Number of protein chains: 2
Amino acid sequence: MIARIDGARRARAPQAADSESRAADDHHLALRVWLRFLACANIVQGRTRASLRQDFDSTLPRFDLMAQLERFPSGLKMSEISKRMMVTGGNVTGITDQLVSEGLVSRQTAPRDRRAYAVRLTPAGRRAFREMARAHERWIVAMFGGLTKAETSQLHALLAKLKQHLTSQTN
Amino acid sequence: MIARIDGARRARAPQAADSESRAADDHHLALRVWLRFLACANIVQGRTRASLRQDFDSTLPRFDLMAQLERFPSGLKMSEISKRMMVTGGNVTGITDQLVSEGLVSRQTAPRDRRAYAVRLTPAGRRAFREMARAHERWIVAMFGGLTKAETSQLHALLAKLKQHLTSQTN
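1. A closer look at the overall build of chain A
- If you tally the helices and strands in chain A, you get six helices and two strands.
- Listing each helix as α and each strand as β along chain A from the N terminus yields α-α-α-α-β-β-α-α.
- In chain A, which comprises 171 residues, the proportion classed as buried is 50%.
- As presented, chain A carries roughly 8,400 Å² of accessible surface, and 50% of it is formed by carbon and sulfur atoms.

What follows is the structure, given as structure tokens:
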């Protein structure tokens, strides 16, 4: 049995195949929190990927790219899109080319800098994005539905404090 | 100014270039929590990648792969490693080949199934991993240092409830 769990330190309980199972009891609480955090993020992202594929024949990087453009009706440069993308695994140029060929995104040369294309959603792209965004919100609401309103607010506040600390750090 | 923020709904405050800035006030609380969650996860992962590169000339997928092997001294099949990897962007075969060539990982054909290699850490690989794991834990402890012990425990409990709901869902 190749995948047997060896070592007394690990032998306490059957463990799920996710990042949290890496956290042995002797690890610091912060590390256990982070591995649980990562496990949750991976599940939510995995489900979102699957739903986008199934319901919209689309991908998370496509959705992410359109979400960035939706916030900037006057357009974004390719470099700005790359910087703002929240999910990895996407080739921004390739995705943009594909969205342009589908009529969901337009790309225009900026007058001042011919290398800097202004990329924006077309009206069709905006409609398509909004439909996906509504569904995406429903999926997220369902996935976080295990928490009460008070717990969700508490999580929101804890994450605010965590993020504040993270963005204030220089390392 | 190409990246101008248009629309009264967005005009409230300057916004950071991260996933959370997508969350307008009319979005459901769960969605705002998720975008903040994702922003934190991205910062922690980004810093971890940078530190692994800087201090160990290594990568997150390499660290992740070695972490999976560390849990299974008797070895894992390639397919099991792929399933257990928590970070994306890694080519499991390529990373394994590289670790083998560095003497950190060994690969043996399993007697019963010649296609199923048993991959495991070598003693040198185990030592290298443990050194990285100690540093990794320090980084995580520092990044979560903005929360008090009580808040960290509270976050741990909320994530347990979230994860329990996520893994009980069939969707």
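2. Examining the confidence of the model for chain A
- For chain A, mean pLDDT is 83; residues scoring 70 or higher make up 78% of the total.
- Every residue in residues 1–16 of chain A scores below 50 in pLDDT, and together they form 30 contacts with partners more than four places removed in sequence or on other chains.

3. Here's the deal with helix H4 (residues 92–101) of chain A
Residue and element names in this part refer to chain A.
- Listed as buried for H4 are Val92, Ile95, Thr96 and Leu99. In a view along the axis of H4, the buried residues occupy a sector of 100°, so they form one face of it.
- Where H4 is buried, its residues contact helix H2 (60–70), helix H3 (78–84), strand S1 (105–109) and strand S2 (117–121).
- Among the residues of H4, the N-terminal cap falls to Asn91, whose side-chain oxygen and the backbone nitrogen of Thr93 are separated by 3.1 Å.
- One or two steps after H4, the chain reaches Gly103, where phi turns positive at roughly 80°.

4. As for the packing of helix H1 (residues 29–56) of chain A against H2(A)
All names here are of chain A.
- Contact geometry for H1 and H2: axes closest at 9 Å, N-to-C directions at 90°. When the interaxial angle is binned, H1 and H2 end up roughly perpendicular. Residues Gln45, Thr48, Arg49 and Leu52 of H1 form the contact with H2, whose participating residues are Leu60, Pro61 and Phe63.
- Here the contact of H1 with H2 is composed, by residue class, of four nonpolar, two polar and one charged.

5. Examining the packing of aromatic side chains
- For the structure on display, the rule yields eleven aromatic pairs over all chains.
- On the basis of an interplanar angle of 80° and a centroid distance of 6.4 Å, the ring pair of Phe144(A) and Phe37(B) is categorised as edge-to-face. Note that Phe144(A) is positioned in the loop between helix H5 (123–143) and helix H6 (149–168) and Phe37(B) in helix H1 (residues 29–56), a pairing that runs across two chains. Taken individually, Phe144(A) and Phe37(B) each receive the classification buried, so the pair is uniform in this respect.
- An aromatic cluster of three or more residues is present, and its members are Trp34(A), Phe37(A), Phe144(A), Trp34(B), Phe37(B) and Phe144(B).

6. What about the nonpolar core?
- Judged by nonpolar contacts, the single largest core of 92 residues is most densely connected at Phe144(A) and Phe144(B).
- For Phe144(A), the contacting residues outside a window of four places in its chain are Val44(A), Leu155(A), Ala30(B), Val33(B), Trp34(B) and Leu162(B).

7. Overview of helix H5 (residues 123–143) of chain B
- The first and last C-alpha atoms of H5(B) sit 30 Å apart over 21 residues, in line with the 30 Å expected at 1.5 Å per residue.
- Of the positions making up H5(B), those classed as buried are Gly125(B), Phe129(B), Met132(B), Ala135(B), His136(B), Glu137(B), Trp139(B), Ile140(B) and Met143(B).
- Summarising the contacts, the buried residues of H5(B) are in contact with H1 and H6 of chain A together with H1, helix H2 (60–71) and strand S2 (117–121) of chain B.

8. A short note on the pattern of salt bridges
- Taken as a whole and judged by the stated rule, the model has eight salt bridges over all chains.
- Among the salt bridges present, the one from Lys161(A) reaches Glu151(B), with a minimum N-O distance of 2.8 Å. On the criterion of chain membership, the pair formed by Lys161(A) in helix H6 and Glu151(B) in helix H6 (residues 149–168) is interchain, its members lying in two chains.
- For Lys161(A), a relative accessible area of 34% gives the class partly exposed.
- You can call Glu151(B) buried: its relative accessible area is 18%.
- Here Arg62(B) ties to Glu102(B) by a salt bridge, and the two come within 2.8 Å at their closest N and O atoms.

Calculation notes
Here the residue index of a chain counts from 1 through its sequence in written order. Written order determines the labels here, with chains lettered from A and ligands numbered from 1. Thresholds applied to this predicted model are a pLDDT of at least 70 for local features of residues and 80 or more for the giving and counting of side-chain atom pairs; totals over whole chains, interfaces and linings are not thresholded and use all residues. For side-chain calculations, the full set of non-hydrogen atoms in the structure is used, while hydrogens and water are omitted. Secondary structure follows DSSP: runs of H or I at least 4 residues long count as helices, runs of E at least 2 residues long count as strands, and numbering of each begins at the N terminus. For every residue, the accessible area (1.4 Å probe, protein chains only) is compared with the maximum for its type, and the residue is labelled buried under 20%, exposed over 50%, or partly exposed between those bounds. What sets the accessible areas is the Shrake-Rupley method with a 1.4 Å probe; for residues, cover comes only from the shown protein chains. Scored from 0 to 100, pLDDT reflects the predictor's confidence in each residue. Contact between two residues is taken to exist if any of their heavy atoms lie within 4.5 Å; hydrogens are not considered. The directions from the helix axis to the C-beta atoms form the arc being described. Distance and chemistry together define a polar contact, namely a pair of N or O atoms within 3.5 Å, with one atom able to donate a hydrogen and the other to accept it when in protein, and with adjacent residues in sequence counting only for side-chain atoms on both sides. Here an axis means a line fitted to C-alpha atoms, over the contact stretch when the element is a helix, while the angle between two N-to-C directions is reported on a 0 to 180 degree scale. Roughly parallel refers to an angle under 35 degrees, roughly antiparallel to one over 145, roughly perpendicular to one between 65 and 115, and oblique to any angle outside these ranges. Nonpolar residues are Ala, Val, Leu, Ile, Met, Phe, Trp, Tyr, Cys and Pro. Charged residues are Asp, Glu, Lys and Arg, and all others, Gly as well, are polar. Stacked, tilted and edge-to-face are the three classes applied to pairs of Phe, Tyr and Trp rings, where Trp contributes its six-membered ring and a pair requires centres within 6.5 Å; stacked means planes under 30 degrees apart, edge-to-face means over 60, and tilted covers the rest. Nonpolar cores are built from buried Ala, Val, Leu, Ile, Met, Phe, Trp, Tyr and Cys residues. Side-chain atoms within 4.5 Å join them into one set. A helix is expected to span 1.5 Å for every residue after the first. One speaks of a salt bridge when a side-chain nitrogen belonging to Lys or Arg is within 4 Å of a carboxyl oxygen belonging to Asp or Glu.

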